[in-house]
Amino acid sequence: HGGKKREIIVMENKNNELIQIIEQIKNSVGDENETQKKNSIEQLTNLCTSEESCIWVCEVSSNIFPILVSCIQINQPKTIIVAALQCLRNLVKPIKHQELISQYLIIPSVLKILESDSAFCFFFALQCLRSCSISTNNILVDQFIQNNGIKIVVDHSISSHILRLPDGKTLWVHIEGSRLLSDLTKSKNKLILDQMVITRGYKPIIEHLGYSSHYIMRLECISALQILLTLTNQIFNSWNEIQENDKSLIINIFIERGFDKETDISSKSKNSLIFMIKKLGEEELKKFIDQNHTITQFIELIS
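This structure is a prediction, so every number in the text was calculated from the model and none was measured. (Residues numbered from 1 in each chain as written. Predicted model: local features only at pLDDT ≥ 70, side-chain atom pairs only at ≥ 80, totals over all residues. Heavy atoms only, no water.)

K.L.:
Just give me the short version of helix 14 (residues 218-237), but keep the residues and values in it.
P.N.:
Taking 1.5 Å of rise per residue, 20 residues should cover 28 Å, and helix 14 covers 29 Å from first to last C-alpha, within 8% of that figure. The largest bend along helix 14 reaches roughly 50° and is located at Leu-231. Counting buried positions along helix 14 gives 15 out of 20 residues, so the element sits mostly inside the fold. (Helix = DSSP H or I, 4+ residues; strand = E, 2+ residues; numbered from the N terminus. Expected span 1.5 Å × (residues − 1). Bend = angle between axes of the 7 residues up to and from the residue. Buried < 20%, exposed > 50% of the residue type's maximum accessible area, 1.4 Å probe, protein only.)

Set out below in structure tokens:
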């Protein structure tokens with residue numbers, strides 16, 4: 001019995017410690033308590049390291065989501081917003097928390113930060129959205145699209161926005177944004193796919209992930225081609241509305257990667273080109289081959 005009793009006491013102590021941290025977050029209002037509040041949020045983040053611990057936190061404190069959402073409002077100090085976003089990034093991960101994500105409007109709140117001028121918070125906001133696994137839940141997809149989410153994320157991803165932190169870390173905001181677009185497209189949700197073409201969401205995916213020659217991002221390069229394949233029908237249906245230089249970008253990534261030394265990448269690229277020829281005709285594609293590639297290379301790939 002002693003062991004069981006000890007376990008209960010340990011658990012009660014942990015619960016009390018958690019409740020105390022949450023009370024501190026809730027009650028530290030005003031400038032002089034900013035550091036205290038930031039430290040308490042970081043303490044909470046350190047407790048939320050696994051799915052079990054995140055579920056436990058929400059069971060002990062049912063109001064943790066609204067408390068953190070109140071910390072990611074535009075009028076809050078940037079250090080508080082970033083700390084709360086990092087905490088939410090962990091807490092939203094368990095699938096069973098998706099109901100809480102929609103109930104407490106976490107997605108619209110995070111998108112407001114991306115629309116603000118708080119560049120310091122952008123990277124963490126994008127990471128938080130990625131953790132929500134939006135595309136696995138129709139209610140979250142609707143919230144994301146109704147709040148203009150894809151366009152907001154595309155705007156961050158198209159420009160090569162880099163953030164340097166005081167500790168020397170470099171955060172690539174545009175790559176994190178492209179990854180989020182990539183995650184969303186994998187869902188094959190028709191609403192998302194249509195939006196991806198209207199907002200030119202394919203552009204950052206091609207430029208930042210598809211053209212990446214960095215070996216760490218090879219998988220993302222394959223994934224970017226996979227995503228373009230997913231979007232091909234939408235791209236054909238809107239071919240006439242797509243800007244000329246975007247058409248060129250789409251055709252040339254396939255030619256470029258068609259000669260890739262990794263067979264998985266080259267075969268996917270060749271198949272995409274052949275698929276596009278079937279839909280659009282060889283002559284149409286030839287119009288968009290850029291200076292780096294020749295018609296001969298193109299013919300070599302498709303024959």
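K.L.:
Requested: an account of the packing of aromatic side chains, with residues and values cited.
P.N.:
One pass over the full model with this rule turns up four aromatic pairs. Arranged with centres 6.5 Å apart and planes meeting at 5°, the rings of Phe-65 and Tyr-104 form a pair that is stacked. One end of the pair, Phe-65, is in helix 4 (residues 64-71); the other, Tyr-104, is in the loop between helix 6 (98-103) and helix 7 (106-115), and 39 residues separate them in sequence. Classification of Tyr-104 as partly exposed rests on a relative accessible area of 25%. On the numbers, 5.7 Å between centres and 90° between planes, the contact of Phe-123 with Phe-124 is edge-to-face. Phe-124 carries the same exposure label as Phe-123, and that label is buried. (Phe/Tyr/Trp six-rings, centres within 6.5 Å; stacked < 30°, edge-to-face > 60°.)

K.L.:
Please set out the pattern of salt bridges residue by residue, giving values where relevant.
P.N.:
Once the charged atoms of two side chains with opposite charge are near each other, the side chains can pair. Across all of its chains, the model carries 17 salt bridges by this definition. For Lys-38, the salt bridge identified is with Glu-42, shortest N-O distance 3.2 Å. With a gap of four residues between them, Lys-38 and Glu-42 both fall in helix 2 (residues 34-47), about one helical turn apart. By relative accessible area, which is 25% here, Lys-38 ends up partly exposed. Given a relative accessible area of 31%, Glu-42 falls into the partly exposed group. Across the salt bridge formed by Glu-207 and Lys-203, the nearest N and O atoms sit 2.9 Å from each other. Highlighted residues: Glu-207 and Lys-203, both in helix 13 (residues 202-210), separated by four residues, approximately one helical turn. Residue classification places Lys-203 among the buried positions, given a relative accessible area of 15%. Overlapping salt bridges bring together Arg-130, Glu-176, Arg-179, Asp-183 and Glu-220 as one network. (Salt bridge = Lys/Arg side-chain N within 4 Å of Asp/Glu carboxyl O.)

K.L.:
Explain the nonpolar core to me, using residue names and the numbers behind them.
P.N.:
Grouped together as the largest cluster of nonpolar side chains are 98 residues, with contacts concentrated most on Leu-85 and Leu-91. If we ignore the near neighbours within four places in the chain, the residues touching Leu-85 are Ile-72, Val-110, Ile-113, Cys-121, Phe-124, Ala-125 and Cys-128. (Core = buried A, V, L, I, M, F, W, Y, C linked by side-chain atoms within 4.5 Å. Contact = heavy atoms within 4.5 Å.)

K.L.:
Run through unusual backbone geometry, naming residues and quoting values.
P.N.:
The phi torsion of most residues other than glycine is negative, and most of the peptide bonds are trans. If you check the backbone angles, Ser-133 has positive phi at about 45° while not being a glycine. Under the relative-accessibility criterion, Ser-133 is labelled partly exposed at 27%. The phi dihedral of Arg-200 is positive, around 65°, even though this residue is not glycine. Among the structural elements, Arg-200 can be located in the loop between helix 12 (190-198) and helix 13. Taking relative accessible area as the criterion, Arg-200 reaches 21% and is therefore assigned partly exposed.

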